[in-house]
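A look at the structure
Next come the chains, spelled out residue by residue.
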Amino acid sequence: MRLINETSYDSKWIKPFLQKIVKSEGLDHSEYVVHITNRRGRYSKLKGCAGYAYHRKIWWDRYKIKNKYYVKLKIPTKLFDANSVFKVMVHELAHTRGLRHKDMINITKIKIPSFVETFKTETF
Ligand SMILES: [Zn+2]
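Worth saying up front: this structure is predicted, and the values here are computed from it rather than measured. (Residues numbered from 1 in each chain as written. Predicted model: local features only at pLDDT ≥ 70, side-chain atom pairs only at ≥ 80, totals over all residues.)

Some remarks on the overall build of the protein chain
Along the protein chain, the regular secondary structure elements total three helices and seven strands. When the helices and strands of the protein chain are placed in sequence order, the string is β-α-β-β-β-β-β-α-α-β. A globule of 124 residues ought to have a C-alpha radius of gyration of about 14 Å, and the protein chain, at 14 Å, matches this closely. Expressed along its principal axes, the backbone C-alpha trace of the protein chain runs to roughly 35 × 30 × 25 Å. Taken across its 124 residues, the protein chain has 27% of its residues classed as buried. (Helix = DSSP H or I, 4+ residues; strand = E, 2+ residues; numbered from the N terminus. Rg over C-alpha atoms; globule rule 2.2 N^0.38 Å. Buried ≥ 20, exposed ≤ 12 C-beta atoms within 10 Å, placed from the backbone.)

Written out as structure tokens, the structure is:
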């Protein structure tokens, strides 16, 4: 997995977590580019996290992406909520597998596996 990190969070800390999520979904992390950016404010349901992804692999010169799945995650500047990051990531990974909203369960109902618990909510 390649991480494009435009947040205040340390790549050494956040990358293994995101990579583990990709693996836990049974996907090949070498096929993924994950782009994280900061976002101001907190919003109720997913603690300010949001994201998007494409249904197919992409090419994007600006970031030197060559035929990879691309997932964008927006994470609040101050609050890192591991459960919310997990849910958004799993949802976006489902899009890269070609699933659409009608084929998915509601994002808030995604179950949290135990490894996420080790990444407790931290405020920076
Ligand atoms: Zn979606």
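Some points on the pairing of strand β2 (residues 32–39)
Across five bridges, the pairing between strand β1 (residues 2–6) and β2 is parallel. Residue pairing across strands places Asn5 opposite Ile36, the latter belonging to β2. Direction of pairing for β2 relative to strand β5 (residues 65–76): parallel, over a ladder of eight bridges. Bridge pairing in β5 places Arg39 opposite Pro76. (Pairing = 2+ DSSP bridges.)

Here we look at the pairing of β5
Of the strand pairs in this sheet, strand β3 (residues 50–53) and β5 are connected by four bridges, and their pairing is antiparallel. Directly across from Ala53, in β5, lies its bridge partner Val71. Relative to β5, strand β4 (residues 58–60) runs antiparallel, the two being bridged by three bridges. Residue pairing in the sheet places Trp60 in a bridge with Ile65 of β5.

Comments concerning the environment of Leu73
Tracing the chain through its elements places Leu73 in strand β5. Taking the C-alpha atoms as reference points, Leu73 and Asn38, separated by 35 residues in sequence, lie 8.5 Å from one another. Setting aside chain neighbours within four positions, we find Leu73 in contact with Val34, Ile36, Cys49, Gly51, Val85, Val88 and Met89. (Contact = placed C-beta atoms within 7 Å.)

Some points on helix α1 (residues 11–24)
When the terminal C-alpha atoms of α1 are compared, their 19 Å separation across 14 residues agrees well with the 20 Å that a helix rising 1.5 Å per residue should span. Among the residues of α1, those classed as buried are Ile14, Leu18, Ile21 and Val22. Down the axis, α1 shows its buried residues gathered within 100° of arc, on one side only. Away from its buried face by more than 90 degrees, α1 exposes Lys12 and Trp13. Buried residues along α1 sit in contact with β1, β2 and α2 (82–96). One or two positions beyond α1, positive phi appears at Gly26, with a value near 75°. (Expected span 1.5 Å × (residues − 1). Arc of directions from axis to C-beta.)

Details of the nonpolar core
In this structure, Leu18, Tyr32, Val34, Val71, Leu73, Val85 and Met89 are the most contacted members of the largest nonpolar core, which totals 23 residues. Counting residues per element, the ones that place at least two in this core are α1, β2, β5 and α2. The leading source of residues in this core is α2, at six residues. (Core = buried A, V, L, I, M, F, W, Y, C linked by C-beta atoms within 7 Å.)

Scope: geometric values only; no functional claims are made or implied.
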